[in-house]
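In case you want the letters, here they are:
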Amino acid sequence: MGLPGPLVLVGCGKMGGALLRGWLARGADPKLVTAIDIAPVGLDDVQAKGVTILTKAADLPAGLKPALLLLAVKPQFMDDALPDYRKYVGPDATFLSIAAGKTLAYFKDRLGADAEIVRSMPNTPAAVGRGVSVIYRDTSVRAERLALCGELLQAVGTVEWVDAEDLLNAVTALSGGGPAYTFLLIECLAEAGRAAGLPAEMAMRLARETVSGSGELARLSDESAAQLRINVTSPKGTTLEALNVLMAPDGMQPLMTKAIAAATRRSRELAQ
């Protein structure tokens, strides 16, 4: 992938690092990327490829004109981080935020009314090119800059668009946190297998391969998730017995709905 100019990645934790590694894996020029993190840990691999790693914005080269500043700082630290980047506001730079809950109004208040802000929520499978990112299509942002953000995120997975900013709260809850829920499913499957008598290491291998394989099947199949589930479920068989528990009125769906609602609520709280 080609970058149109210097890219500054502000915050290189789990999500920022996942995006950075995804870009590098797809051919982005590491010399155009500067990552800033107050406590850089585990970045030796990207630094070895030529990415500049700094611990503070004051060390950015004088006269730098970033084409994009990607704000990947944790929401609770954003207030402290933003003042250092206000000087880059102008027609040359677009700010792309992946911070949960932080609204356009929040950024305009702290960076200035002229700041061009794009909001998105990616997820960590971007590190292996299988992320999914959702971008708010803000009509006040220049079309070519929205397209730039879309291309950047599409380089590490698929991209969806929403026309209402508030929907990013539900996106954060569903796909932003979704990898964690999936990993929890693997843990639960493995523990259930162990409880049923399997060796713990084998149960974990079976759980990991089953979830990853099922996800790939769902991705490649034209059939709905419901139909794929039906295809695996024989009448009066063992899978049906398990599904009768998981699909009971107090089973998986109400629990997941409650979980997503809680995460959506928390995303809105972070905007305060």
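Above: the structure in question.
Trainee: Provide a residue-level description of the overall build of the chain, including the pertinent values.
Mentor: Along the chain, the regular secondary structure elements total 11 helices and eight strands. Over its C-alpha atoms, taken along the principal directions, the chain stretches across nearly 70 × 40 × 35 Å. Within the chain, buried positions represent 43% of all 272 residues. Of the accessible surface of the chain, which amounts to about 15000 Å², a share of 58% is contributed by carbon and sulfur atoms. Of the side chains in the chain, 28 bear a positive and 29 a negative charge, and the two mean positions are spaced by 2 Å.

Trainee: Before we move on, can you summarise the packing of helix 6 (residues 167-176) against helix 7 (residues 178-195) with the specific residues and values?
Mentor: Viewed as axis vectors pointing N to C, helix 6 and helix 7 meet at an angle of 30°, and their least axial separation amounts to 5 Å. For the element pair helix 6 / helix 7, the angle class is roughly parallel. Residues Ala173, Leu174, Ser175 and Gly176 of helix 6 lie in contact with helix 7, whose contacting residues are Gly178, Pro179 and Tyr181. For the contact of helix 6 with helix 7, the class distribution of residues is four nonpolar, three polar and no charged.

Trainee: Any details on the pairing of strand 2 (residues 33-36)? Residues and values, ideally.
Mentor: The two faces of strand 2 match: Val33 and Ala35 on one face and Thr34 and Ile36 on the other face are all buried. Across four bridges, strand 1 (residues 7-10) lies against strand 2 in parallel orientation. Looking at strand 2, one finds that leucine 9 is bridged to alanine 35. At this point the chain moves from strand 1, through helix 1 (residues 14-25), to the parallel strand 2, and the crossover so formed is right-handed. Bridge analysis of strand 2 against strand 3 (residues 52-54) gives three bridges, and the strand direction is parallel. Looking at strand 3, one finds that isoleucine 36 is bridged to leucine 54.

Trainee: Please give an account of the pattern of salt bridges that cites residues and values.
Mentor: Under the defined criterion, the tally for this structure stands at 12 salt bridges. One salt bridge connects aspartate 166 with arginine 268, and the closest N-O pair in it is separated by 2.9 Å. In this pair, aspartate 166 is assigned in the loop between strand 8 (157-162) and helix 6 and arginine 268 in helix 11 (residues 252-269), connecting sequence segments 102 residues apart. Its relative accessible area of 42% is what places aspartate 166 among the partly exposed residues. Its relative accessible area of 40% is what places arginine 268 among the partly exposed residues. Look at the salt bridges and you will find they share partners, linking Asp79, Asp109 and Arg110 into a network.

Analysis parameters
- Residues numbered from 1 in each chain as written.
- Predicted model: local features only at pLDDT ≥ 70, side-chain atom pairs only at ≥ 80, totals over all residues.
- Heavy atoms only, no water.
- Helix = DSSP H or I, 4+ residues; strand = E, 2+ residues; numbered from the N terminus.
- Buried < 20%, exposed > 50% of the residue type's maximum accessible area, 1.4 Å probe, protein only.
- Areas by Shrake-Rupley, 256 points an atom, 1.4 Å probe, with all protein chains shown as cover.
- Lys, Arg positive; Asp, Glu negative; His and termini not counted.
- Charge placed at Lys NZ, Arg CZ, Asp CG, Glu CD.
- Axes fitted to C-alpha atoms, helices over the stretch in contact; angles between N-to-C directions.
- Parallel < 35°, antiparallel > 145°, perpendicular 65-115°, else oblique.
- Contact = heavy atoms within 4.5 Å.
- Nonpolar A, V, L, I, M, F, W, Y, C, P; charged D, E, K, R; others polar.
- Pairing = 2+ DSSP bridges.
- Right-handed = clockwise from strand over helix to strand, strands pointing away.
- Salt bridge = Lys/Arg side-chain N within 4 Å of Asp/Glu carboxyl O.

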